[in-house]
Each structure stands twice: as structure tokens, then as C-alpha cells.
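# Residue-level structure breakdown
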Amino acid sequence: MLMPLLPASKGLKSALVSVLRRTPQRTGGHRMITDEPTAETWQRDLADAVRSPEELLALLKLTPDQVPPLTDRRNPAFPLRVPRSFLRRMTIGNPQDPLLLQVLPLAAEQNDVPGFTADPVGDRAAEKTAGLLRKYPGRVLIIAAGSCAVHCRYCFRREFPYDTGRRSPDHWDRIFREVAGDPSVSEVIFSGGDPLMLPDERLSALVEQASAIAHVERVRIHTRLPVVLPSRVTERLLTILHECRVQVVMVVHANHAQEIQADCRDALSRLVRSGLPVLNQAVLLRQINDTVESQCALSRALINVGVIPYYLHRLDRVQGAAHFEVDDETGRRLIRLMQDRLPGYAVPRYVCDVPGRFGKTVLGPA
Ligand SMILES: *Cc1c(COP(=O)(O)O)cnc(C)c1O
Ligand code: SF4
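This report concerns the structure included in the present document. (Residues numbered from 1 in each chain as written. Chains lettered and ligands numbered in written order. Predicted model: local features only at pLDDT ≥ 70, side-chain atom pairs only at ≥ 80, totals over all residues. Heavy atoms only, no water.)

This paragraph deals with the packing of aromatic side chains. Each pair of aromatic rings is reported with the distance of its centres and the angle of its planes. This model, assessed by the stated rule, comprises 3 aromatic pairs. On the basis of an interplanar angle of 25° and a centroid distance of 3.9 Å, the ring pair of Y310 and Y311 is categorised as stacked. With respect to class, Y310 is no different from Y311; both count as buried. (Phe/Tyr/Trp six-rings, centres within 6.5 Å; stacked < 30°, edge-to-face > 60°. Buried < 20%, exposed > 50% of the residue type's maximum accessible area, 1.4 Å probe, protein only.)

Following this line, the structure appears as C-alpha cells:
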């Protein structure tokens, strides 16, 4: 069959190029590979994550006796998971590496500590409709995905029953009907799990559905993927976020300056330069980021790529995370010292989430 001749050969060429980019072709026995990140790249990176503590330690040239005892009770719902990009930012041979300590499942997780429970922030009580949390006036939080690229051992949702009732076909209809029926909701927050774990088509559909509601003025995305799986920040993702009818705000999650390097720095910078407001939330974690030096370095690293430090969270008292806790007095002191050393916009708000209370409680700066 003859191809119709296109008047502009440039049009044909770019059409061909875009087809070739989307469909890897076998040419002469090897795959054509383009250097643009594609959806396949991040999904491959995700599948390629390290899943065993033994492999993680071996790659860092550490022996088990150099780190605290690891858990012997494998938690099937929350096993070790570390993308290789995040691993590359750890220091080989350092058992105290602040990135390693965030992901290593220790035996200490099995300790039953009074006050540490499965649902420390009252999320289950706030979830009247499955997948929709309403604890804050004007804002709703939607659990958009049930999984994450990395498993942070201190995570307050580590015990959250993501799967209950989420498979029903009218799940999303019910959620968006409720948002549409309440004119007081001006902001829809997609959280999880990690909403950027969704494939582009799903994410795009959700963002579109939320922004189609007349009284929704903003869509917010809470995600750790630009930090732990930077290849997720593709051109297509930026297009989806910028094509939205309303303003999109992104809140990322980095806890230590050492995370803001290499491909992560590049991904954050691309988000910021694309014009999105990007904020960071961190969690105050014992022996990971509980010194003024470490907090100031984190703020500087963020600000230097254009990301604004938003919240420093006091640890939520979730079962299995007691060994990460830092006392409030230390937290408040850190914030005061940061105020002396940094511009005001580089000092995050130190906050905690009290079950049953509206909004976050600010512990500092005063
Ligand atoms: C933290 C949180 C929000 C958003 O709070 P902001 O102070 O606006 O960042 C909304 N919903 C839930 C359930 C939250 O935990
Ligand atoms: S990325 Fe966020 S939601 Fe996922 S495990 Fe880490 S802290 Fe929890």
C-alpha cells in the first residue's frame, strides 16, 4: 500500500519519531533505545528495586554484625523495598547511613511499646467513605494508590488496611460524588500510598475528575517518588499536571540532604522549572536528621533546587516505629536554632497530628 504523501516532510518525520519512541522496534536484532525517560523506564526501575536486606547490605559492603539486629519476622505487607536510585545515594560501608536507616527493617520493629498503635492519627475514624479522609476543613485527602516505591520503616500508614473495599467498581464514583456534593471542599489532596505509583492514564483521569468539580480550586499531590524514584518525573507527567484546569501543588518527602543529589536533584529541579509549586515534608527521625546541622543542610539543599521546606513532622506513634522517636523538646530546640541560621522561608513548621483535632498542631516556630 502506498503511503499518502504529506505536504510537510518534517511533520511526517516527527510523527515517525514519536511512533518509534513509543514502540521500541527490533532493528537488526537489537532494541532501539531512546535516552528520553519513558513510562517503561520508571516502571522498570520500580520492578528492579532491592527487596532483600541481605542484598542491600551486600551492595553497601556491610556485614549483618555491623548493623543492629534485623527483624526475623518478615512483614509480608511491608517488606524491605528500596529503589536502586535511592540506594546509589547511600554511602558504601557506612552502617549509620541516614538513608539506609530509613529503610532497614530492624528487630526493634517487633517491640510492643505503650502508646504506639496501628492507627496513631485516627485515619480510620476519619474515613467515612472508603479511600476518602476528611479531617481538615476545606480539604479532602484521597487514598489514590495502595503502594509505594520505597518502604519507610517509620511510616504512619504502615498498618493502614489499604485493600479493604477498594476493588469495588464504583469506588471512585462514590468518592467524587461526595466531593462534588460538598461545596466547602476547595482542595483535593491525592495521597496514598503514593499517587504517582499510578500509571499516567489512571493518574490523569483522577486529576481530571477532581478538577472538573466546579468548587475545587486546587489539586495537591503528596508523593515521595520524585525523591526515591526520580525517573517517574517524565515529560508526560509534567504535561498531565500542567494541563489540569486548576493549580496543582506538589508536596514531596525528603528527610536528609544526602537524598537531594544526582537524579533526584535533577527531577526536583525539572518539577520546579516546569512552574509547579513544590513543597517538602520531612519527618524528624532519631539518628537520621535530629541535629541542627542535618536539618539546616536539608533546608539548604531543598531551597537550592527551589523546593520550599513546608512541614517537619513529629513522628506519628505507629506500632513498630518507636526507635525513631525524638522528644518534643529536642524538636522545638532544633527549630529555634534553625531560625537563627536560615532565612525565614527555609524553616519548616514543626507539626504533629492529634487524632480528633482539626488541622495539624504547630509545635514551632513559636
Ligand atoms: C495533613 C493532612 C491534610 C493537609 O493538611 P495541610 O495542613 O493543608 O497540609 C489533609 N488531610 C489529612 C488527612 C492530613 O493528614
Ligand atoms: S513513601 Fe510515604 S506513604 Fe510510602 S512508606 Fe514512605 S512515608 Fe509511608
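From this point, things continue past the structure.
It is at 10 Å that the axes of helix α12 (residues 292-303) and helix α13 (residues 328-341) come closest, and there the two elements cross at 55°. Between α12 and α13, the angle falls in the class oblique. Judged by the sense of rotation from one axis to the other, the crossing of α12 with α13 is right-handed. On the side of α12, the interface is formed by V292, E293, Q295, C296 and S299, while α13 contributes L334, L337, M338 and R341. Counted by class, the contact of α12 with α13 contains 5 nonpolar, 2 polar and 2 charged residues. (Axes fitted to C-alpha atoms, helices over the stretch in contact; angles between N-to-C directions. Helix = DSSP H or I, 4+ residues; strand = E, 2+ residues; numbered from the N terminus. Parallel < 35°, antiparallel > 145°, perpendicular 65-115°, else oblique. Left-handed = near helix turned anticlockwise from the far one by under 90°. Contact = heavy atoms within 4.5 Å. Nonpolar A, V, L, I, M, F, W, Y, C, P; charged D, E, K, R; others polar.)

Residues in close proximity to ligand 1 include K135, Y136, R139, L141, I189, R220, Y310, Y311, D353 and K360, which together make up its full environment. R139 is positioned with one of its side-chain polar atoms (N or O) 2.6 Å from an oxygen atom of ligand 1. At 2.9 Å from an oxygen atom of ligand 1 is found a side-chain nitrogen or oxygen belonging to K360. Of all the secondary structure elements, the ones that give two or more residues to the shell around ligand 1 are β3 (132-136), β4 (139-143) and β9 (308-313). In terms of residue class, the shell around ligand 1 is built from 5 nonpolar, no polar and 5 charged. (Near = heavy atom within 4 Å. Polar contact = N/O pair within 3.5 Å; in protein donor to acceptor, adjacent residues only side chain to side chain.)

Taken together, F78, C148, V150, C152, C155, R224 and H253 make up the full set of residues adjacent to ligand 2. Its residues assigned to classes, the shell around ligand 2 comprises 5 nonpolar, 1 polar and 1 charged.

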